[in-house]
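Inside the fold
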Amino acid sequence: MTRALVILALAALTAACGIRPRAVERKGRIISLTDSILTTGGTDTVRFGRLGSGEIAVLRLWLANDSSRPVAVTSYQRNCGCTTLEFDSQPIAPGDARQVELTFDSRGERGWQLKVLDITLAGAQHPLRLLVEADVE
């Protein structure tokens, strides 16, 4: 049995036994992953705001699984090496959320920036597209 199936089986077993994991307060930006987004894809915008030239900015985002099935981030593609995404590839159970870290490196950038980050989700037919904005002074 694969690791993902074992985790899903344990989650189902603990839910059936009435055991609930400790709630984690979700502070910050939450991006909802719905059945619709998994089927048709989705787009969201993340704004870093005004950054100084050479600044490396980090935003922590929550991916909330509001779909009817487990979701896992498998990879991402970007149109610029100035953006990176750190994520845990373990499945996110329905109703749960996982934090990811989005980094924007403004070195070599000037003015208003618009970058594209496509996040591939296991079982999704289309990626979740994040438009990453920053104004570099």
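Data block above holds the structure.
This text gives an overview of the structure that appears in the document. Note that residues are indexed from 1 along each chain, following the sequence as it is written. In keeping with the model being predicted, local features are shown solely for residues with a pLDDT of at least 70 and side-chain atom pairs are shown and tallied solely at 80 or more, while totals for entire chains, interfaces and linings include all residues. To obtain the side-chain values, all non-hydrogen atoms of the structure were included, while hydrogens and water were left out.

Once that is clear, we can look at the pairing of strand 5 (residues 83–86). Two faces, one strand: in a regular strand the side chains alternate between the faces of the sheet. The classification of residues rests on relative accessible area computed with a 1.4 Å probe and restricted to protein chains. Under 20% of the type maximum is buried, over 50% is exposed, and intermediate values are partly exposed. Helix and strand definitions follow DSSP, with helices as H or I runs of at least four residues and strands as E runs of at least two, each counted in order from the N terminus. Of the two faces of strand 5, the one lined by Thr83 and Leu85 is fully buried and the one lined by Thr84 and Glu86 carries no buried residue. Should DSSP find at least two bridges between two strands, the strands are taken to pair. Sheet topology places strand 5 next to strand 6 (residues 97–105); four bridges connect them, and they run antiparallel. Residue pairing across strands places Thr84 opposite Thr103, the latter belonging to strand 6.

As a further point, take the packing of aromatic side chains. Here the aromatic set is Phe, Tyr and Trp, taking the six-membered ring for Trp, and pairing holds for ring centres within 6.5 Å; pairs whose planes are under 30 degrees apart are stacked, those over 60 apart are edge-to-face, and all others are tilted. Under the counting rule described, the total for this entry stands at two aromatic pairs. Between Tyr76 and Phe87 the ring centres are 6.3 Å apart and the planes differ by 85°, which places this aromatic pair in the edge-to-face class. Taken together, the positions of Tyr76 in strand 4 (residues 73–78) and Phe87 in the loop between strand 5 and strand 6 put the pair eleven residues apart, joining distant regions of the chain.

In this section: the sheet that holds strand 2 (residues 42–51). Strand order in the open sheet made by the four strands is 2-8-7-4, with mixed pairing throughout. Every other strand in the sheet has two partners, leaving strand 2 and strand 4 as the edge strands with one partner each. Along the sheet, successive strands turn relative to each other by an average axial angle of 25°, direction set aside. Here strand 7 (residues 111–121) runs beside strand 8 (residues 128–136); their pairing, made up of nine bridges, is antiparallel. Within strand 8, the residue paired with Gly111 across the bridge is Val136. Every axis corresponds to a line fitted to the C-alpha atoms, with the helix fit spanning only the stretch in contact, and the corresponding angles, defined between N-to-C directions, vary from 0 to 180 degrees.

Spatially, 1-3-6-5 is the arrangement adopted by the four strands of the open sheet, whose pairing is mixed. Two strands in the sheet have a free side with no partner beyond their single neighbour: strand 1 (29–33) and strand 5. Strand-to-strand, the axes of this sheet are offset by a mean angle of 30°, without reference to chain direction.

This part is about the side chain of Asp105. Turning to its location among the elements, Asp105 is positioned in strand 6. For Asp105, a relative accessible area of 15% gives the class buried. Within the local environment of Asp105, its side chain forms a polar contact with the side chain of Arg107, the two groups lying 2.4 Å apart. Look past the residues within four positions of Asp105 in its chain and what remains in contact with it is Glu55, Ile56 and Cys82. What qualifies as a polar contact is a pair of N or O atoms within 3.5 Å, subject to a donor-acceptor requirement within protein and to the restriction that residues adjacent in sequence count only when both atoms come from side chains. In this analysis, two residues are considered to be in contact whenever any of their non-hydrogen atoms come within 4.5 Å of each other.

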